[in-house]
Amino acid sequence: WKELSGCQKVTRMECDFSSAITEYYDTHHVRIRAERREEVSPWSSIFEMIPYCIAQIGPPEIELQSTNGVIKIKVSPPEAKMWINPLNFKYNLVIWENSSSAEFRSLSIFPTDIIDDLAPDTTYCLKVQATIPLDLKEGLFSPIHCVKTTHKAVNDLVCATNVSIFALNMKFHLHWNNQYKQHVSYNVQYLMGYLKKLYDDYSMKWLNVPRCENITDTQCNFSSIITATSGFYYLRVQTMSEYNKSCLSDEVKVDPLITNEIGPPDVKLDISDVLLHIQISPPGASESDFMRDYYEFSYRILYWKNSSNNEEEIKMKEIKQTIGTVSDLTPSTLYCVKVQAFSELYNKSSHYSKEECIKTPGDKILPLIILATFITALIAVCLVATTLVFALYQAYSKIKYVFFPSCQPPLNIEHFGGQLFSSPYLPTAEELIENCSIIETIITEEVNQIDFKDYKHSKQSSRDSGNYSNDDDTSGSKVSGERVEKEIV
Amino acid sequence: IMNALGLIQIGLVLLCTTTISSLQCNHLPLQQRKVIKNSLQLLDKMGKKFPRQCLREKMSFRFPEQVLNPGQKEIVKVAIEEIFQHIFYIFSKNVTLAAWNGIALEQFQNGLYQQIEQLEACVVKKQTHYFQSKEVNRLKLKKYFQKIDCFLKDKQHNLCSWEISRAEMRRCLQLIDKVVRKL
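Just so it is clear, the structure is predicted and the values come from calculations on it, not from any experiment.

> I'd like a rundown of the domain arrangement of chain A, residues and numbers included.
Residues and elements named next belong to chain A. Looking at the assigned domains, one finds that chain A contains domain 1 (1–55), domain 2 (61–149), domain 3 (163–259) and domain 4 (266–359). If you average the C-alpha positions of domain 2 and of domain 3, the two centres end up 27 Å apart. At the interface, 10 residues of domain 2 touch six residues of domain 3. Interface area for domain 2 against domain 3, summed over the two sides, is near 850 Å², with a carbon-plus-sulfur share of 58%. Looking only at domain 2, the three residues that lose the most surface to domain 3 are Leu87, Phe110 and Thr112, adding up to 59% of its buried area. Among the residues forming the side of domain 2 that touches domain 3, the class breakdown is eight nonpolar, one polar and one charged.

> So, the sheet that holds strand 17 (residues 219–221) of chain A: which residues are in play, and what are the values?
Residues and elements named next belong to chain A. Strands sit in the order 13-14-17 across an open sheet of three strands; the sheet is antiparallel. The open sheet has two edge strands, strand 13 (161–168) and strand 17, and neither has a second partner. Averaged over all neighbouring strand pairs, the angle between strand axes comes to 15 degrees, with direction disregarded. Sheet topology note: the strand 14 (residues 171–177)/strand 17 ladder contains three bridges and is antiparallel. Bridge pairing in strand 17 links Leu174 to Cys220.

> How would you summarise the interface of chain B and chain A if you had to cite specific residues and measurements?
Contacts between the two partners involve 42 residues from chain B, matched on the other side by 43 residues from chain A. With both chains or domains summed, chain B and chain A bury close to 4,200 Å², and 59% of this area falls on carbon and sulfur atoms. When the buried area of chain B at its contact with chain A is split by residue, Lys34(B), Asn110(B) and Tyr113(B) rank highest and sum to 15% of it. With a shortest N-O distance of 3.8 Å, Glu117(B) and Lys90(A) are connected by a salt bridge. The tally of links between chain B and chain A comes to 13 residue pairs in polar contact (both at pLDDT 80 or more). Those elements giving two or more residues to the side of chain B that touches chain A turn out to be helix 1 (2–16), helix 2 (28–46), helix 3 (73–90), helix 4 (102–126) and helix 6 (135–154) of chain B. Here the side of chain B that touches chain A gets 12 residues from one element, more than from any other, and that element is helix 4 of chain B. A class-by-class count of the residues in the side of chain B that touches chain A yields 14 nonpolar, 17 polar and 11 charged.

> So, the state of the cysteines: which residues are in play, and what are the values?
Residues and elements named next belong to chain A. Using the criterion set out here, one finds six disulfides over all chains in the structure. The partner cysteine of Cys212 in its disulfide is Cys220, sulfur to sulfur 2.0 Å. Its S-S torsion of approximately 100 degrees makes the covalent link between Cys212 and Cys220 right-handed. Neither Cys212 nor Cys220 differs from the other in exposure class; each is buried. Covalent S-S linkage joins Cys336 and Cys357, the inter-sulfur distance amounting to 1.8 Å. When the S-S torsion is 105 degrees, as for the bridge of Cys336 with Cys357, the disulfide is right-handed. A residue pair is termed long-range when its members are at least 10 positions apart, and Cys336 in strand 26 (residues 334–343) and Cys357 in strand 28 (residues 356–359) qualify at 21 residues. Given a relative accessible area of 0%, Cys336 falls into the buried group.

> Quick rundown of the side chain of Ser165(B)? Include the residues and the values.
All names here are of chain B. Its place among the elements puts Ser165 in helix 7 (residues 159–182). For Ser165, a relative accessible area of 1% translates into the label buried. Beyond its immediate chain neighbours, meaning those up to four positions away, Ser165 contacts Ile148, Phe151 and Leu152.

> Explain the sheet that holds strand 22 (residues 276–281) of chain A residue by residue, including any values.
All names here are of chain A. Across the sheet, which stays open at both edges, the three strands sit in the order 21-22-25 with antiparallel pairing between neighbours. The strands lining the two open edges of the sheet, one partner per strand, are strand 21 (266–271) and strand 25 (323–326). Across the sheet, the mean angle separating the axes of adjacent strands is 20 degrees when strand polarity is ignored. Note that strand 22 and strand 25 share four bridges and pair antiparallel. Each bridged residue has a counterpart across the sheet, and for Gln279 the counterpart in strand 25 is Ile323.

> Could you give me a rundown of empty space enclosed by the protein, with the residues and numbers involved?
Vacant regions in the atomic arrangement are exposed by a probe of water-molecule size rolled over the atoms. The tally for this structure, following the rule as stated, stands at six cavities of 30 Å³ or more. By volume, the second largest cavity is sized at about 90 Å³. Lining the second largest cavity are Ala228(A), Thr229(A), Asp255(A), Leu257(A), Ile258(A), Tyr346(A), Gln31(B), Val35(B), Gln114(B), Gln115(B) and Gln118(B). Those elements that provide at least two residues to the lining of the second largest cavity are helix 2 (256–259) of chain A together with helix 2 and helix 4 of chain B. With three residues, helix 4 of chain B is the single largest residue contributor to the lining of the second largest cavity. Looking at the lining of the second largest cavity residue by residue, the classes come out as five nonpolar, five polar and one charged.

> I'd love a proper account of the confidence of the model for chain A, names of residues and values included.
Residues and elements named next belong to chain A. Mean pLDDT for chain A: 82, with 82% of residues reaching 70 or above. Counting contacts from residues 442–447, a segment whose pLDDT is below 50, to residues more than four positions away or on other chains yields two contacts. Confidence drops under a pLDDT of 50 for residues 449–489, and excluding neighbours within four residues, the segment shows 12 contacts in the predicted structure.

> Describe a nonpolar patch on the surface, with residues and values.
Residue and element names in this part refer to chain A. Residues Leu368, Leu371, Phe374, Ile375, Leu378, Ile379 and Leu383 make up a contiguous nonpolar surface patch of roughly 710 Å² in combined accessible area. With respect to the helices and strands, the residue Leu368 is situated in helix 4 (residues 365–403). Of the residues examined, Leu368 reaches a relative accessible area of 56% and is grouped as exposed.

> Break down the UniProt feature "domain: Fibronectin type-III" (unreviewed entry) in chain A for me, citing the residues and quoting the values.
Feature annotation in UniProt assigns "domain: Fibronectin type-III" (unreviewed entry) to the following positions: residues 56–153 and 261–363 of chain A. Within the segment residues 56–153 of chain A, helix and strand shares are 0% and 51% respectively, and the terminal C-alpha atoms sit 42 Å apart.

> An account of the environment of Thr360(A) is requested, with residue identities and associated values reported.
All names here are of chain A. With respect to the element layout, Thr360 can be found in the loop between strand 28 and helix 4. In this structure, the C-alpha to C-alpha distance between Thr360 and Val274, residues 86 residues apart in sequence, is 8.3 Å. One polar contact links the side chain of Thr360 to the main-chain amide nitrogen of Ser332, over a distance of 3.0 Å. A distance of 2.7 Å separates a polar side-chain atom of Thr360 from the backbone nitrogen of Thr333.

> Could you give an account of the packing of aromatic side chains, with specific residues and numbers?
Going through the model one piece at a time under the given rule, you end up with 24 aromatic pairs over all chains. Aromatic pair Phe232(A) and Tyr113(B): ring centres 5.7 Å apart, planes at 55 degrees, arrangement tilted. With Phe232(A) in the loop between strand 17 and strand 18 (233–241) and Tyr113(B) in helix 4, this residue pair bridges two chains. For the pair shown, Phe232(A) and Tyr113(B) are each scored as buried. Ring geometry for Phe91(B) and Trp100(B): centres 5.9 Å apart, planes at 40 degrees, overall tilted. By the burial criterion, Phe91(B) is buried, and Trp100(B) matches it. Feature note: the residues Tyr24(A), Tyr25(A), Tyr52(A), Trp83(A), Phe89(A), Tyr91(A) and Tyr199(A) constitute an aromatic cluster, connected by ring pairs. It is Arg31(A) that lies over the ring of Trp1(A); its NZ or CZ is 3.9 Å from the centre.

Cut-offs and rules
- Residues numbered from 1 in each chain as written.
- Chains lettered and ligands numbered in written order.
- Predicted model: local features only at pLDDT ≥ 70, side-chain atom pairs only at ≥ 80, totals over all residues.
- Heavy atoms only, no water.
- Domains from an automatic or database assignment.
- Contact = heavy atoms within 4.5 Å.
- Buried area = accessible area lost by both parts, 1.4 Å probe.
- Nonpolar A, V, L, I, M, F, W, Y, C, P; charged D, E, K, R; others polar.
- Pairing = 2+ DSSP bridges.
- Helix = DSSP H or I, 4+ residues; strand = E, 2+ residues; numbered from the N terminus.
- Axes fitted to C-alpha atoms, helices over the stretch in contact; angles between N-to-C directions.
- Salt bridge = Lys/Arg side-chain N within 4 Å of Asp/Glu carboxyl O.
- Polar contact = N/O pair within 3.5 Å; in protein donor to acceptor, adjacent residues only side chain to side chain.
- Disulfide = S-S within 2.5 Å.
- Buried < 20%, exposed > 50% of the residue type's maximum accessible area, 1.4 Å probe, protein only.
- 1 Å grid on protein atoms, 1.4 Å probe; cavity = no way out; pocket = protein on both sides within 12 Å on 5 of 7 lines; lining within 4 Å.
- Points joined across faces, edges and corners; volume = space filled by probe spheres on them.
- pLDDT = per-residue confidence, 0-100.
- Patch = residues over 30% accessible without salt bridge, like charges linked within 9 Å, V, L, I, M, F, W, Y side chains within 5 Å.
- Areas by Shrake-Rupley, 256 points an atom, 1.4 Å probe, with all protein chains shown as cover.
- UniProt positions renumbered as here; feature names shortened; annotations may be inferred.
- Phe/Tyr/Trp six-rings, centres within 6.5 Å; stacked < 30°, edge-to-face > 60°.
- Lys NZ or Arg CZ within 6 Å of the ring centre and 35° of its normal.

This is how it looks when you write it as structure tokens:
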């Protein structure tokens, strides 16, 4: 507990301890007791407070200037160390006509502002309070100031009127009218929005829009000064007539992403057998992906069958991607599509694109024809190939047979001499004579062998299994029989 | 008496609140995300890398991070607006000694101000008793910015004090960026 300076030995029932407060955001506890000579009362209950919260905002200072049918006002913030951020203040102006049946009008103003839409040659009274909206604080009103408006100068005939903005796909154009068309040139100026919030005089901070200086056309393309996320701007037109007279038009406010209109997207259609593919190019895609990034487009697709009787219902589909597909199509029909881009984020939508139409292919005949043709071709190729291979094989085997024979003559005529087998088709009369005598002896022995063969066969027929082992035995004996014959020869 | 006065104040504000045009208050966080990203880029573009010689003077300001706890949306939105307002104020002061890129600074301020305006319209509408309960964190926030303000004044807005403040504000924006993604 410390002594509160400014509240020591006070005789009145109030004291000022402002100087003792330095920490505006800390909780302070205050207690008080009474003293009389040597006696002291007990301490009162503790009074808890946070300086910032209980402090009231004082009245602001205002300067007024009445010119040209409007009232120019300049507000200075209430001075206090407590209010470290004077830009926190939002000023609330209350204005009324100084007549009996006066209506109070309340509006929010900037520190330097102009109050127009007032009747000329009338006395108005006004008062201003500073508020901190975030802290729900409302300050005290300034004293009431009354001022009389002047009449509007004739000069205003020169001024540009109907200043309006046309913005499509982030291309911004300013248009205005002027009754007085002779010998005038225009200067379009812009001001960054935040400058109005500051207490400094911003009248010198208006800048000329490039390529819109000293022009005679009543329109200006000011896209060059706009960058999407750099907040909003004010625009005005300065008209300069001969004799160096100039006049400033009303201001218009441009909030790029909000003022901008979204153009329709580009649509390309593609059809496969059962699906219609819709390719969408987002609006403004040709220049940059910028709009797409900020608006986060979704697309609304309308599609319908374009037949002679216009009773076909229009179907709708919403997608987030840039490719949409439509299924359940009827063949040989003309389908038409149009697409709209919309941004849920900014609650904006474009116009519908141009209609694009495409016809679905016919029935399944064409694919069948293709299939049939393919199969036929396949078969034909196979046939040709097979024939070719077969012919080649035949030729090969014939050639091999003629020029490279592989068969061996029987063993019993082998010893007739080598020259016999060099050309088997040539007649060999001499060897025949010798053969006669040998054949005779062989025949007599063969008769016995035939018996053996018959026996062998009968043996085979009577038995089903184990033939081979038995056969080997018999054939073995047979061979030995043959060998015996040979020796005799 | 103090409480009554406070209640009257609140009552007056609610009474005097004029009809505000319907802004996309629901979509504000989504819009904000892009703007904050852009603001961070501009903040970097404004000056060069943090100068080595200023490291000695670096102070710990202790930003009250709990104020951005994504508990209740409305409270966080109020906190974000307060932070934006303070940042806007800091950068509106005499920055000539910092020798920053003037265009980047202007665009940064303009973007920030647009956000403040949008938030104001959305937040003020809904403020009721929420404000009272979470006042402690908001006061800590005000203290934090007061510290930075005093720091700048003490150093007479020299280059190092500006660079330190810029780094600090960058941190604030990054924290906001994180929170806004969750909103």
